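# Structural overview
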Amino acid sequence: MRALYARQPTEAEREELEAGLKSNTALTVRRCQMIMFSADEQLKVNVIGHRVGRSGQTVRDVLNAFNQKGIACIYPRAVGRQDDQRAFDDVARAQLRSL
C-alpha cells in the first residue's frame, strides 16, 4: 500500500489551519493537526493517528478529503436533510389556516 500524505497547503489554507488549531470544536482541532502533521512532518497515517488519538482509517479519510475538497473538510458538516420536508405547500397551508 502506498503512503498517503496531505498536499502542501496554500498560504491561505495554512493560515486557516493554524486558526483551526485554536477552535472551540475538538473535531476541527484534530483535523487540522492531522493535516499539518502530514504536510509538515511527512508522518505516516498510523503515527498521526497515534498522536491525535484516532485510527489510521480516520486519518486517511481526513487526508483524502483535504486533498480532494480543500480546507472545507476541517469543519463539521450538517447532518440533517437539506431538502424541504414540509408536509404542505404554501397554498395548502393557507387553506388550513382558513379552516
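From a predicted model like this one, the values you see are computed outputs, not experimental measurements.

Let's shift gears to the overall build of the chain. Across its full length, the chain holds five helices and zero strands. Across the chain, helices and strands are ordered from the amino to the carboxyl terminus as α-α-α-α-α. Whereas a compact globule of 99 residues would reach a radius of gyration of roughly 13 Å, the chain reaches 20 Å, over 25% beyond that. For the chain, the C-alpha atoms occupy an extent of roughly 65 × 30 × 25 Å along the three principal directions. Burial statistics for the chain: of 99 residues in total, 32% are counted as buried. Within the chain, residue pairs in contact and separated by at least 24 positions form 58% of the contacts whose partners lie at least 6 positions apart. About 7100 Å² of surface is accessible on the chain, with carbon and sulfur atoms providing 51% of the total. Where the 16 positive side-chain charges of the chain centre and where its 12 negative ones centre are 7 Å apart.

So, on to the nonpolar core. Nonpolar side chains in soluble globular proteins tend to be buried together. Residues Leu17, Ile35 and Ile74 are the most contacted members of the largest nonpolar core, which totals 20 residues. For this core, the secondary structure elements donating two or more residues are α2 (26–41), α3 (45–52) and α4 (56–69). In terms of residues, this core owes the most to one element, α2, which gives six residues. Every residue in contact with isoleucine 35, bar those within four places of it in the chain, is listed here: Ala6, Leu17, Val62, Leu63, Phe66, Cys73 and Ile74.

Attention shifts here to the packing of aromatic side chains. Summed over the entire model, instances satisfying the criterion amount to zero aromatic pairs. Between the NZ or CZ atom of arginine 7 and the centre of the ring of phenylalanine 66, over which it lies, the distance is 4.4 Å.

Rules of the game
Residues numbered from 1 in each chain as written. Predicted model: local features only at pLDDT ≥ 70, side-chain atom pairs only at ≥ 80, totals over all residues. Heavy atoms only, no water. Helix = DSSP H or I, 4+ residues; strand = E, 2+ residues; numbered from the N terminus. Rg over C-alpha atoms; globule rule 2.2 N^0.38 Å. Buried < 20%, exposed > 50% of the residue type's maximum accessible area, 1.4 Å probe, protein only. Contact = heavy atoms within 4.5 Å. Areas by Shrake-Rupley, 256 points an atom, 1.4 Å probe, with all protein chains shown as cover. Lys, Arg positive; Asp, Glu negative; His and termini not counted. Charge placed at Lys NZ, Arg CZ, Asp CG, Glu CD. Core = buried A, V, L, I, M, F, W, Y, C linked by side-chain atoms within 4.5 Å. Phe/Tyr/Trp six-rings, centres within 6.5 Å; stacked < 30°, edge-to-face > 60°. Lys NZ or Arg CZ within 6 Å of the ring centre and 35° of its normal.

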